[in-house]
Amino acid sequence: MEERLAYHSAFVTVQTPAIDTLTTSVRTLMLLGRHQQATARPSLIVTGPGAAGKTTALLHVGRACHLAHTAQHPPATTMHAPVPVVYVLVPPGATAKALAGEFSRYLGIPVTGRMTQAQITDAVCHTYHRAGVRLVTIDEIHRLNPRTTTGAETADLLKDLTERIGATFVYAGIDVTTTALFSGVRGAQLATRACLVECGAFPARLGTHEPFRELIAGVEAALDLRAHRAGTLPRHAACLHQRTAGRIGSLTRLIRGEGDPVGVLVGLLCGLVHQVSDGVVDEQEAVEFLLGAVGVL
């Protein structure tokens, strides 16, 4: 039981069009920027609404890059093994010095309270070069606001790091095109150097295809349940789409019952009642679906 709960807690990454696009784009930019020395390398920004799978896509690409690099360049010893991928989370209201501290913390670079931002940045660039960092992933980039003094200094730090660290930078944030991130001179510089990868909600229907139903089928195939019948979840795609707005993050949390399992069942029941009354599903199907949901939770 505990192993099954642990599995569903970690879950698996369902291959989505956004992940495929991001993986291909990152691989291409890493190849193009391998020998670029003069200026900052082109970067990528993963954008979309909340719970659309941006962080999952970012982590998946980072893991794939790490595994590929390790397979091609096996470390000779466990001591001083290369670190090809770095993941940094932008803290709320981050100052330039605080963000530099986040970069240093990932590789365990010692930082004292007396060190200046310039000293921390120098230590980060030196250590990242020695560690062989090739991909830097930065999450929650929408928290930066170049219009403020603090945000402008932090944006300048990122620009400095992209020019001094020989790696490809990939950012992820919520609806970055509608935030202040691209505003002003600094925002314009970032916009011209970065390509956008949209990570949006899945529509219920797109032409002759049903993207959300296909997503549900992929998620269902990853479930590790003893009494679950295959095809149960895709049959109720309309109900699940109404509950999750087509967002993969909301879907996986709903299926796993995170936070409020009882509330999940109540929400599903309300949605099914409407569908039964509208004739979308019959009562027997609704009962079977709820019993399957209990098995998931």
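Our structure's up above, just so we're on the same page.
On a predicted model such as this, the values are computed, not experimentally measured, just so you know.

Cut-offs used in this document
- Residues numbered from 1 in each chain as written.
- Predicted model: local features only at pLDDT ≥ 70, side-chain atom pairs only at ≥ 80, totals over all residues.
- Heavy atoms only, no water.
- Helix = DSSP H or I, 4+ residues; strand = E, 2+ residues; numbered from the N terminus.
- Buried < 20%, exposed > 50% of the residue type's maximum accessible area, 1.4 Å probe, protein only.
- Contact = heavy atoms within 4.5 Å.
- Areas by Shrake-Rupley, 256 points an atom, 1.4 Å probe, with all protein chains shown as cover.
- Axes fitted to C-alpha atoms, helices over the stretch in contact; angles between N-to-C directions.
- Parallel < 35°, antiparallel > 145°, perpendicular 65-115°, else oblique.
- Nonpolar A, V, L, I, M, F, W, Y, C, P; charged D, E, K, R; others polar.
- Polar contact = N/O pair within 3.5 Å; in protein donor to acceptor, adjacent residues only side chain to side chain.
- 1 Å grid on protein atoms, 1.4 Å probe; cavity = no way out; pocket = protein on both sides within 12 Å on 5 of 7 lines; lining within 4 Å.
- Points joined across faces, edges and corners; volume = space filled by probe spheres on them.
- Phe/Tyr/Trp six-rings, centres within 6.5 Å; stacked < 30°, edge-to-face > 60°.
- Left-handed = near helix turned anticlockwise from the far one by under 90°.

Explanation requested: the overall build of the protein in the structure shown.
Within the protein, the secondary structure is distributed over 12 helices and 5 strands. Here the protein, with 297 residues, has 41% of them falling under the buried criterion. Taking as baseline every contact in the protein between residues at least 6 positions apart, the subset at least 24 positions apart corresponds to 72%. Accessible surface, the protein as shown: approximately 15700 Å² in total, 56% of it carbon and sulfur.

Would you explain the environment of Leu-240 in this entry?
Checked against the element boundaries, Leu-240 lands in helix 9 (residues 237-244). The exposure class of Leu-240 is buried, given its relative accessible area of 2%.

How should I be thinking about the packing of helix 8 (residues 211-221) against helix 9 in this particular structure?
The angle between the axes and the distance between the axes are what describe a pair of packed helices. Here helix 8 crosses helix 9 at 95°, and the two axes come no closer than 10 Å. Here helix 8 is positioned roughly perpendicular relative to helix 9, judged by the angle of their axes. Contacts between helix 8 and helix 9 involve Phe-212, Arg-213 and Ile-216 from the first element and Ala-237, Leu-240, His-241 and Thr-244 from the second. Here the contact of helix 8 with helix 9 is built from residues that sort into 4 nonpolar, 2 polar and 1 charged.

Help me understand the side chain of Thr-232 in this model?
Assignment of secondary structure puts Thr-232 in the loop between helix 8 and helix 9. Take Thr-232: its relative accessible area is 6%, and that puts it in the buried class. Separated by 2.6 Å, the side chain of Thr-232 and the backbone oxygen of Arg-229 make a polar contact.

Would you mind showing me how to read empty space enclosed by the protein here?
Rolling a probe over the atoms, with the probe sized like a water molecule, indicates the empty space that remains. One pass over the structure, following the stated rule, counts 2 cavities of 30 Å³ or more. In this structure, the largest cavity is lined by 18 residues; those nearest its centre are Ala-155, Leu-158, Lys-159, Arg-186 and Leu-190. The residue makeup of the lining of the largest cavity, split by class, is 9 nonpolar, 4 polar and 5 charged.

Before we go on, may I ask you to explain unusual backbone geometry in this structure?
Trans is the prevailing form of peptide bonds, just as negative phi is the prevailing case for residues other than glycine. One non-glycine residue, Glu-140, adopts positive backbone phi at about 60°. Looking at the secondary structure, you find Glu-140 in the loop between strand 3 (135-139) and helix 6 (149-164).

In this structure, what is going on with the packing of aromatic side chains? I would like to understand it.
Aromatic ring pairs: the centre-centre distance and the angle between the two ring planes describe each pair. Counted under the stated rule, the structure contains 2 aromatic pairs. On the basis of an interplanar angle of 45° and a centroid distance of 6.2 Å, the ring pair of Phe-103 and Tyr-128 is categorised as tilted. Here Phe-103 is found in helix 4 (residues 96-106), whereas its partner Tyr-128 is found in helix 5 (residues 117-131), with 25 residues between them in sequence. Taking 6.4 Å as the distance between ring centres and 35° as the angle between the ring planes, the aromatic pair formed by Phe-169 and Tyr-171 counts as tilted.

How do you make sense of the packing of helix 8 against helix 10 (residues 248-256) when you look at a structure like this?
Running from N to C, helix 8 and helix 10 point in directions that differ by 45°, and their axes come no closer than 11 Å. Taken together, the axes of helix 8 and helix 10 are oblique relative to one another. Between helix 8 and helix 10 lies a crossing of right-handed hand. On helix 10, the residues that touch Phe-212, Leu-215, Ile-216 and Val-219 of helix 8 are Ile-248, Leu-251 and Ile-255. In terms of residue class, the contact of helix 8 with helix 10 is built from 7 nonpolar, no polar and no charged.

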